[in-house]
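The residues making up each chain are set out below.
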Amino acid sequence: MSSRTARPRPIRLIVAAALLVLLGAGVVTVGLVLQTLAAAASGGAAHPSHGSRPQAVAVSEGGATPENPVSPFDDGDPSVVNLDPTLRQALQDAARKAEGEGVTLVVNSGWRTEAQQQKLLDEAVVTYGSLDEASRWVAPPKKSTHVHGEAVDVGDLQGAIWLGDNGRRFGLCQTYSNERWHFEYRAEAITGGCPRAYRDATEDPRLR
């Protein structure tokens, strides 16, 4: 095999240039640029990952996703900045405490636009086969606590477990048993503990 470095194909240069222009315009994220460039370099196409639950969607408005989580202190990310101020403060207080115990909390998804939420719901219907089943995981846009800035999905698994064990000290409670990453603020939890988590979103009367 020749030791010379292979010259990049013209199409890769075109892809790279186009994405860098879009990045400068704020239309795409750094993660998407890197993912697409990697795919172009290998001759393939970029694919979204498929997990056991619907994944947050990267759209032009920006915002954290499981593939590109952000810090709870990121004041430049709309999914953090647009959270309810009380929730955001509680999350930041918890993150500081967790960091002191060697655990890093990140935001996988926080505030979302209605368009983001609708796309998640549409994808969940495809993933789970029906609206009824999808509703166990994704709320309709008009009723979603994410759209109202009142919910945050925390990662990674270690962080979610830590917050599940310690969140009540900050008023942060796991809302659904099937979503150990989803937390909302409950002021009464600080003194009285968190209420029982719903089995899933279909039990939540706010979403009916």
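Residues numbered from 1 in each chain as written. Predicted model: local features only at pLDDT ≥ 70, side-chain atom pairs only at ≥ 80, totals over all residues. Heavy atoms only, no water.

Colleague: Got a minute to help me understand the overall build of the protein chain in this structure?
Modeller: Within the protein chain, the secondary structure is distributed over eight helices and four strands. When the helices and strands of the protein chain are placed in sequence order, the string is α-α-α-α-β-α-α-β-α-β-β-α. Summarising the internal contacts of the protein chain: among those between residues at least 6 apart in sequence, 53% fall at separations of at least 24. Accessible surface for the protein chain amounts to roughly 11500 Å². Of this, 55% is attributable to carbon and sulfur atoms. (Helix = DSSP H or I, 4+ residues; strand = E, 2+ residues; numbered from the N terminus. Contact = heavy atoms within 4.5 Å. Areas by Shrake-Rupley, 256 points an atom, 1.4 Å probe, with all protein chains shown as cover.)

Colleague: It is not clear to me how the packing of aromatic side chains should be interpreted in this structure. Could you clarify?
Modeller: One pair of aromatic rings is described through two measures. These are the centre distance and the angle between the planes. The tally for this structure, following the rule as stated, stands at three aromatic pairs. When the ring of Tyr-128 is compared with that of Trp-137, the centres are 5.8 Å apart and the planes differ by 10°; the resulting orientation is stacked. The exposure class of Tyr-128 is partly exposed, given its relative accessible area of 21%. (Phe/Tyr/Trp six-rings, centres within 6.5 Å; stacked < 30°, edge-to-face > 60°. Buried < 20%, exposed > 50% of the residue type's maximum accessible area, 1.4 Å probe, protein only.)

Colleague: Could you clarify how one ought to interpret the environment of Ser-144 in this entry?
Modeller: Secondary-structure assignment places Ser-144 in the loop between helix 6 (131–134) and strand 2 (152–155). As a C-alpha pair, Ser-144 and Gln-118 span 26 residues in sequence and 9.9 Å in three-dimensional space. In this view, Ser-144 contacts Gln-117 and Ala-139; residues no more than four positions away in its chain are not counted.

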